[in-house]
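Below, each chain spelled out in residue letters.
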Amino acid sequence: MKAKVLIAEDDHAIQRLLETNLQVAGYAVVCASDGRQALDAVQEELFDLALLDIMMPELDGFELLPYLQQKDIPVIFVSAKADVVSRVQGLRLGAEDYLVKPFDILELLVRMEKVLERRFPGKDILQYKDVCLDVNGHSVQKNGQAVDLKPLEFDLLRTFLRYPGMVLTREQLLKQVWGEDFLGETRTIDVHVAALRRKLEWQDRITTVFKVGYRLEVAP
């Protein structure tokens with residue numbers, strides 16, 4: 001299990017979306033539908049991270065933030081308030097990050113990872129069955145033997161290993177691995193996935209989701 005996350009969100013559809021995707025990504029999740037429920041949760045349980053909506057009943061996200069800071073729980077605001085004033089206020093009050101709805105779930109997961117890495121450094125080894133990826137050493141081994149991957153293949157594998165079981169669209173993978181400014185075609189993803197499958201003998205591990213993207217199957 002990666003970490004324990006509090007989701008404070010009064011929109012039940014968004015709450016369910018977050019809960020489902022975070023659980024697939026390996027997080028333990030507790031949900032609260034208003035600020036009072038969220039406050040009760042942090043007084044009763046320990047959390048590694050909190051995702052807070054701002055406009056909630058009982059206590060809004062800005063009012064709730066100091067209580068989480070007392071517990072040393074890092075906060076990412078996830079809000080429909082897109083104005084600069086709200087963003088600046090949230091960050092000045094001490095939030096680690098601020099993400100505007102609607103959002104890409106992979107972008108949120110990446111931002112969560114970055115916050116957790118800053119707060120709890122040291123997680124640099126990703127393991128999946130007989131494959132081990134050393135983030136800092138920029139190396140990959142399978143059954144203890146080195147696997148020669150090109151830089152983009154390495155970054156693509158790291159993304160799959162961080163989010164096993166999640167369907168990752170070609171657009172998400174391009175944005176995450178190739179960057180915002182990449183102007184090439186999504187076919188690039190297919191070529192690199194084929195190379196990963198061949199080098200790791202993962203033809204049955206990285207599966208194609210028709211017309212969407214790819215998924216690294218969760219190890220049984």
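Residues numbered from 1 in each chain as written. Predicted model: local features only at pLDDT ≥ 70, side-chain atom pairs only at ≥ 80, totals over all residues. Heavy atoms only, no water.

An account of the sheet that holds strand E10 (residues 167-169) is needed here, citing residue identities and associated values.
Strands pair in a sheet through their backbones, by hydrogen bonds, and they do so in one of two ways: parallel or antiparallel. Strand order across the open sheet formed by 3 strands is E10-E12-E11, with antiparallel pairing between neighbours. Strand pairing shows two members of the sheet lacking a second neighbour, E10 and strand E11 (206-209), which therefore form its edges. Neighbouring strand axes in the sheet, compared pairwise and without regard to direction, differ in orientation by 30° on average. Both E11 and strand E12 (residues 213-216) contribute to a ladder of 4 bridges, which runs antiparallel. In the strand pairing of E12, Thr-207 is matched with Arg-215. Helix H6 (residues 151-162) rests against E10, E11 and E12 of the sheet, and its axis sits at about 60° to E12. (Pairing = 2+ DSSP bridges. Helix = DSSP H or I, 4+ residues; strand = E, 2+ residues; numbered from the N terminus. Axes fitted to C-alpha atoms, helices over the stretch in contact; angles between N-to-C directions. Contact = heavy atoms within 4.5 Å.)

Before we move on, can you summarise the packing of helix H7 (residues 170-178) against helix H8 (residues 187-200) with the specific residues and values?
It is at 9 Å that the axes of H7 and H8 come closest, and there the two elements cross at 75°. Judged on the interaxial angle alone, H8 and H7 are roughly perpendicular. Every residue of H8 that contacts H7 at Arg-170, Leu-173, Leu-174 and Trp-178 is listed here: Thr-188, Ile-189, Asp-190 and His-192. Residue composition of the contact of H7 with H8, grouped by class: 4 nonpolar, 2 polar and 2 charged. (Parallel < 35°, antiparallel > 145°, perpendicular 65-115°, else oblique. Nonpolar A, V, L, I, M, F, W, Y, C, P; charged D, E, K, R; others polar.)

Can you lay out the pairing of strand E7 (residues 131-134) for me, pointing to particular residues and giving the numbers?
Where burial is concerned, the two faces of E7 differ: the one with Val-131 and Leu-133 is buried and the one with Cys-132 and Asp-134 is not. Of the pairings in the sheet, the one linking strand E6 (residues 125-128) to E7 comprises 4 bridges and is antiparallel in character. Within the sheet, the bridge partner assigned to Tyr-128 lies in E7 and is Val-131. If you look at the hairpin formed by E6 and E7, you'll find 2 residues sitting between the two strands, and Lys-129 has a positive phi there, around 50°. When E7 meets strand E8 (residues 139-142), the two strands line up antiparallel, connected through 4 bridges. Bridging from a neighbouring strand, Val-131 pairs with Lys-142 of E8. Here E7 folds back onto E8 in antiparallel fashion, the turn holding 4 residues, of which His-138 has a positive phi close to 50°. (Buried < 20%, exposed > 50% of the residue type's maximum accessible area, 1.4 Å probe, protein only.)

So what's going on with the environment of Leu-108? Residues and values would help.
Among the secondary structure elements, Leu-108 is positioned in helix H5 (residues 105-119). On the basis of relative accessibility, which here comes to 0%, the residue Leu-108 falls in the buried class. Taking the C-alpha atoms as reference points, Leu-108 and Val-29, separated by 79 residues in sequence, lie 15 Å from one another. Ignoring anything within four residues of it in the chain, the contact list for Leu-108 reads Leu-18, Leu-51, Val-78, Leu-99 and Phe-103.

Which residues make up the nonpolar core, and what are the values?
Core analysis: the biggest nonpolar cluster contains 51 residues, and Tyr-27, Leu-51, Met-112 and Phe-160 have the highest contact counts within it. Sort the elements by how many residues they give to this core and H5 lands first, with 8 residues. Counting residues in each nonpolar core, the second largest holds 24 residues, with Ala-32, Ala-38, Phe-62 and Ala-95 among its members. (Core = buried A, V, L, I, M, F, W, Y, C linked by side-chain atoms within 4.5 Å.)

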